[in-house]
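Each chain, written out:
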Amino acid sequence: MIRRVAPVVVSALIVVSCSSGIGEFDQSVTGSDPSTTDPSTTGTSTTDPSTTGASANATSTTPERETVTTTSTTRPDDVDAAPAEAVRVGGQSVGDPYYPELGNTGYDVSNYRLDLTIDTAGIDTLLGVATIDLSGTEPVSTFSFDLVGLTVESVTIDGREVEFDQTPTKLVVESDRPLTVGTTDVVEITYSGTPMPFDSGTRIGPIGWFDTVAVSVAVGEPSGARTWYPVNDHPTDKATYLFRLDVPEGLLGVANGVLTERSTENGRTVTQWEMRQPMASYLATVSVGDYQLIDSEPGAGVEVADAVPTRLVDVFEGDFGLTDEMLVVFTDLFGPYPFDEYGVLVADADFPFALETQGRSLFSGGFVDGDGSIERIVAHELAHQWFGNHVSPETWVDIWLNEGFATYAEDLWLEFGRGVGLGQLETRLAVRATEAPAPAPGDPGPGDLFAPSVYRRGGATLHALRLELGDDTFFELLRTWLDRFGGGVASTDDFVALAEELSGEELDGFFDSWLGAGPIPAFSG
Ligand code: TRP
Ligand code: ZN
């Protein structure tokens, strides 16, 4: 579902030079000292990447970056008048200022059905059939998907075999006839290979498909989905998903959404998972491992089903036992939980961050020992289901709308769920923001997408806003934001405009000073 068109082509061209920096990142801040990956040694807010190390044991293969294709989307709409001009080519960028190589134009995906046969003995192999329901937004006959490191065997459109081509980062489909604007066509892509991670160029380090000894798991944010399926890999094209995972008996495939089928036959276990609400591609995940599915009592009317490695089942409750109460507090503050079901996926691997994969947040097994020390992270990833997942960033420049909000929600949980005094929380918010004032949370740059300032100064911005507007208007703003933009994407400008609309105040100056890189304003209110 395409919600909005991101910045114009001209701005995408200007930032191409920035993208050359994507491959570099500061190794010094992502040291692999395993002690820094232990949440218990890193203070309480371990979701902040500055306090944790990046995974050092993943293979990094950075896909070649392509120059933005700008030639094809600017033809006149009036194709009837010029039949010779009728062959239209979809663009290979949605114009994200930080990631001009991501996404494709000319169509809008409504559903991905991913039939994945996954073998994990030795190195992982993937055999995939992606059935993609899409409709043309232009009558393009050539259009592309993002796909890295896998080989396409065949492509059909509505059952007709069509030509295709692959570059290091794109699958280009050449149809024999243009997509009809507004009606659904079904593109079926058969592909295979060994999915691999690549370096994200952010502090997070490698993203994509990880193949560790105990588990295989896909981590997408911001652009790793394309390592395991052909996808319009940008939040502006959200879609629903159906996953069918065929894995060796004894293991279990887990994905986003609700489990709707499970069977074992001839040495293979097949599970089917459905995410029925629109999802941004970076929030899709699949994992294969020795999982137990644990259903717990519904909290706040939300079904909870967790996927936990067998060896961690006994300690699981010690770290995640507060989820039901958190659901009560957050539904009260933010409004209804936006998906059919919640749960976590604890992957038995040692990566140093948690990720808010939609409907089922992903945690590293290395975080889980039952001592309760990851309470803030548990709250953080849950809060992302509203902020980041239900309302997603329109471009990656808007990342503070995810991380600032989820970070502030940790404090809201402590205040409303744990009775921690506001004064105490406020002091900590101010201190931590002051420790990490830059880069500007409102425009951190692609390499600093997950910089501490995005989390801390971004979170403090919301507290300052609450003091400025008062509790009633502030929480009304959060709920209206989710109501108005839920299921799609929104930008910082949208947030500022809504805050101004609801408060009647002029807030440009407020947001400029809080979301910039200058001195951090004092809390006042
Ligand atoms: N969004 C994550 C958080 O909750 C951080 C993150 C970004 C991440 N990309 C990732 C975690 C990839 C794991 C893998 O703060
Ligand atoms: Zn986060």
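Our subject is the structure listed above.
What this report covers is the structure whose coordinates are included nearby. (Residues numbered from 1 in each chain as written. Chains lettered and ligands numbered in written order. Predicted model: local features only at pLDDT ≥ 70, side-chain atom pairs only at ≥ 80, totals over all residues. Heavy atoms only, no water.)

Brief notes about the pattern of salt bridges
Taken as a whole, this structure holds 20 salt bridges when the rule is applied. The closest approach of N and O atoms between Glu138 and Arg88, which form a salt bridge, is 3.0 Å. Of this pair, Glu138 sits in the loop between strand 3 (125–136) and strand 4 (140–146) while Arg88 sits in strand 1 (residues 88–89); the two residues are 50 residues apart in sequence, bridging distant segments of the chain. The residues Glu138 and Arg88 share a single accessibility class, namely buried. Of the charged contacts in the structure, one is a salt bridge between Arg376 and Glu410, with a shortest N-O distance of 2.8 Å. Of the two residues, Arg376 sits in helix 5 (residues 375–384) while Glu410 sits in helix 6 (residues 400–418), which places them 34 residues apart along the sequence. This pair shows no difference in class: Arg376 is buried, exactly as Glu410 is. Sharing partners across several salt bridges, the network here consists of Asp119, Asp246 and Arg268. (Salt bridge = Lys/Arg side-chain N within 4 Å of Asp/Glu carboxyl O. Helix = DSSP H or I, 4+ residues; strand = E, 2+ residues; numbered from the N terminus. Buried < 20%, exposed > 50% of the residue type's maximum accessible area, 1.4 Å probe, protein only.)

Overview of the sheet that holds strand 13 (residues 252–255)
Taken in spatial order, the five strands line up as 9-10-11-16-13 in an open sheet, and their pairing is antiparallel. The sheet is open, and its two edges are formed by strand 9 (197–199) and strand 13, each paired on a single side. Strand-to-strand twist in this sheet, taken as the mean axis angle between neighbours without regard to direction, amounts to 20°. Bridge analysis of strand 10 (residues 206–211) against strand 11 (residues 216–219) gives four bridges, and the strand direction is antiparallel. In the sheet register, Phe210 faces strand 11, and the bridge partner there is Val217. (Pairing = 2+ DSSP bridges. Axes fitted to C-alpha atoms, helices over the stretch in contact; angles between N-to-C directions.)

Points about the packing of aromatic side chains
All chains considered together, the criterion is met by 33 aromatic pairs. Measuring from ring centre to ring centre gives 5.1 Å for Trp481 and Phe495, while their planes differ by 80°; the resulting arrangement is edge-to-face. With Trp481 in helix 9 (residues 471–485) and Phe495 in helix 10 (residues 492–503), this residue pair connects regions lying 14 residues apart in the sequence. Taking the relative accessible area as the measure of exposure, Trp481 reaches 2% and is therefore buried. (Phe/Tyr/Trp six-rings, centres within 6.5 Å; stacked < 30°, edge-to-face > 60°.)

Remarks on the coordination of the zinc ion (ligand 2)
Around the zinc ion (ligand 2), the protein contributes the donor atoms His380 (NE2), His384 (NE2) and Glu403 (OE), at 1.9 to 2.0 Å from the metal centre. Each donor residue of the zinc ion (ligand 2) lies on the same chain, and together they follow the pattern H-x3-H-x18-E. Taken as a pair, His380 and His384 lie in helix 5 at a separation of four residues, close to a single helical turn. We classify His380 as buried; its relative accessible area is 1%. The exposure class of His384 is buried, given its relative accessible area of 0%. (Donors = N, O, S within 2.8 Å, 3.2 Å for Na, K, Ca; no water.)

Details of the site of ligand 1
Lining the immediate surroundings of ligand 1 are 15 residues, of which Glu221, Glu356, Glu381, Glu403 and Tyr455 lie closest. Here a nitrogen atom of ligand 1 and a side-chain polar atom of Glu356 are 2.7 Å apart. Taking His384, its side chain carries an N or O atom lying 3.4 Å from an oxygen atom of ligand 1. Protein coverage of the free-state accessible area of ligand 1, which is 370 Å², stands at 98%. In terms of residues, the shell around ligand 1 owes the most to one element, helix 5, which gives three residues. Each residue belonging to the shell around ligand 1 can be placed in one class, and the counts come to eight nonpolar, three polar and four charged. (Near = heavy atom within 4 Å. Polar contact = N/O pair within 3.5 Å; in protein donor to acceptor, adjacent residues only side chain to side chain. Areas by Shrake-Rupley, 256 points an atom, 1.4 Å probe, with all protein chains shown as cover. Nonpolar A, V, L, I, M, F, W, Y, C, P; charged D, E, K, R; others polar.)

As for helix 7 (residues 422–435)
The end-to-end C-alpha separation of helix 7 is 20 Å, in line with the 20 Å expected for 14 residues at 1.5 Å each. Burial in helix 7 covers these residues: Leu425, Leu429, Arg432 and Ala433. Taken down its axis, helix 7 places every buried residue within 100° of arc, on the same side. Turned more than 90 degrees away from the buried face of helix 7, the exposed residues are Gln424, Thr434 and Glu435. (Expected span 1.5 Å × (residues − 1). Arc of directions from axis to C-beta.)

Quick notes on the nonpolar core
Judged by nonpolar contacts, the single largest core of 139 residues is most densely connected at Trp228, Tyr241, Phe243 and Trp481. Per element, the largest residue contribution to this core is eight residues, and it comes from helix 6. Residues contacting Tyr241, with those up to four places away along its chain left out, are Asn111, Tyr112, Leu114, Tyr229, Val231, Trp273, Glu274, Met275, Met279, Ser281 and Ala284. (Core = buried A, V, L, I, M, F, W, Y, C linked by side-chain atoms within 4.5 Å. Contact = heavy atoms within 4.5 Å.)

What to know about the sheet that holds strand 7 (residues 170–174)
Sheets are built from strands that pair by backbone hydrogen bonding, the pairs being arranged parallel or antiparallel. Pairing within the open sheet is mixed, and its eleven strands lie in the order 1-4-7-6-5-8-3-2-12-15-14. Single-partner strands in this sheet number two, and they are strand 1 and strand 14 (258–265). The pairing of strand 5 (residues 151–157) with strand 6 (residues 160–166) spans three bridges and is classified as antiparallel. Residue pairing in the sheet places Ile157 in a bridge with Arg160 of strand 6.

Points about the pairing of strand 21 (residues 361–364)
Neither face of strand 21 is exposed, since Ser361 and Phe363 on one face and Leu362 and Ser364 on the opposite face are all buried. Bridge analysis of strand 20 (residues 344–347) against strand 21 gives four bridges, and the strand direction is parallel. Each bridged residue has a counterpart across the sheet, and for Leu345 the counterpart in strand 21 is Leu362.

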